[in-house]
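Coordinate analysis (summary)
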Amino acid sequence: MKKIVGKRVMLGVVTALAGFAATAHADVVGDAKAGQGKVAMCIGCHGIPDYRTAYPEVYHVPILGGQNAQYIQNALHGYKKGDRHFETMHAIATTLTDQDIADIAAYYASQTATSKNNPEK
Ligand code: HEC
């Protein structure tokens, strides 16, 4: 009986580690298409499609379009865990799953200045 419980615990640990590895590496594959449907709540601050503010420095909101996917993922996980501090971003990041983060990162990373739906401002 004890052995079985031990196995269960081990399995849980392995699963948790696998989840962590997936977060740290590219095992959770980001889907840019899915990500496009998840950035609605980001656009208000990080840019409006087809709109580029002339004075981004007024808002002090980082541009995400074209940013490296791994960088975006790291930033969002950082806000989520509290390693990176910014109230609003923390609140938002905690609502995102690892898959959401991967999708969003893939979406923003796929944007270029000439992309139709470039969220870059
Ligand atoms: C209420 C405004 C607001 C909303 C909504 C918002 N952000 Fe942010 N975000 C900010 C601000 C301001 C910063 C800069 C914070 C800082 O200095 O750490 C930031 C920082 C970031 C960064 C780090 C960028 C970098 O260059 O370091 C990422 C990534 C990010 N946001 C992604 C998102 C995503 C994805 C969403 C939607 C799910 C979102 N944000 C929604 C305001 C917002």
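Note: the structure precedes this text.
Now for a look at the structure at hand. (Residues numbered from 1 in each chain as written. Predicted model: local features only at pLDDT ≥ 70, side-chain atom pairs only at ≥ 80, totals over all residues.)

Notes on the overall build of the protein chain
We apply this condition: Counting from the N terminus, the helices are the DSSP runs of H or I reaching at least four residues and the strands are the DSSP runs of E reaching at least two. Every C-beta atom is placed from the backbone, and the number of other C-beta atoms within 10 Å of a residue's own sets its class: buried at 20 or more, exposed at 12 or fewer, partly exposed in between. C-beta atoms are first placed from the backbone for all residues, and any pair lying within 7 Å is then listed as a contact.
If you tally the helices and strands in the protein chain, you get seven helices and zero strands. Burial statistics for the protein chain: of 121 residues in total, 23% are counted as buried. Residue pairs at least 24 apart in sequence account for 73% of intrachain contacts in the protein chain once pairs closer than 6 positions are excluded.

Points about the environment of T95
For T95, the position within the fold is in the loop between α6 (87–93) and α7 (98–109). Overall, T95 belongs to the exposed group, with 9 C-beta atoms counted inside 10 Å. Separated by 15 residues in the primary sequence, T95 and K80 have C-alpha atoms spaced 8.4 Å apart.

A look at the site of the ligand
For the record, the criterion: In this entry, near means the residue's backbone-placed C-beta atom lies within 6 Å of the molecule or strand. Note that Gly is not counted as nonpolar here; it falls among the polar residues with everything else outside the nonpolar set of Ala, Val, Leu, Ile, Met, Phe, Trp, Tyr, Cys and Pro and the charged set of Asp, Glu, Lys and Arg.
For the ligand, the set of nearby residues contains 18 residues, the closest of which are C42, C45, P62, A75 and F86. Contributing elements (two or more residues each) for the shell around the ligand: α3 (40–46), α5 (69–81) and α6. In terms of residue count, the dominant contributor to the shell around the ligand is α3 (five residues). A per-class count over the shell around the ligand returns 14 nonpolar, three polar and one charged.

Structural notes on the packing of α5 against α7
To keep things clear, this is the line we draw: Angles shown run from 0 to 180 degrees and are taken between the N-to-C directions of axes, each axis being a line fitted to C-alpha atoms and, for helices, limited to the stretch in contact. Each angle gets one of four labels, with under 35 degrees taken as roughly parallel, over 145 as roughly antiparallel, 65 to 115 as roughly perpendicular, and the rest as oblique. Handedness of a crossing follows from how the near helix is turned relative to the far one, being left-handed for an anticlockwise turn of less than a right angle and right-handed for a clockwise one.
Packing of α5 against α7 brings their axes to within 8 Å, and their N-to-C directions diverge by 140 degrees. Judged on the interaxial angle alone, α7 and α5 are oblique. Viewed along their axes, α5 and α7 form a crossing whose handedness is right-handed. In contact with A69, I72, Q73, L76 and H77 of α5, α7 contributes I101, A102, I104, A105, A106, Y108 and A109.

Some points on the environment of G47
Mapping G47 onto the fold places it in the loop between α3 and α4 (56–59). With 25 C-beta atoms counted inside 10 Å, the residue G47 sits in the buried group. Spatially, the C-alpha atom of G47 lies 9.4 Å from that of P62, the residues being 15 residues apart in sequence.

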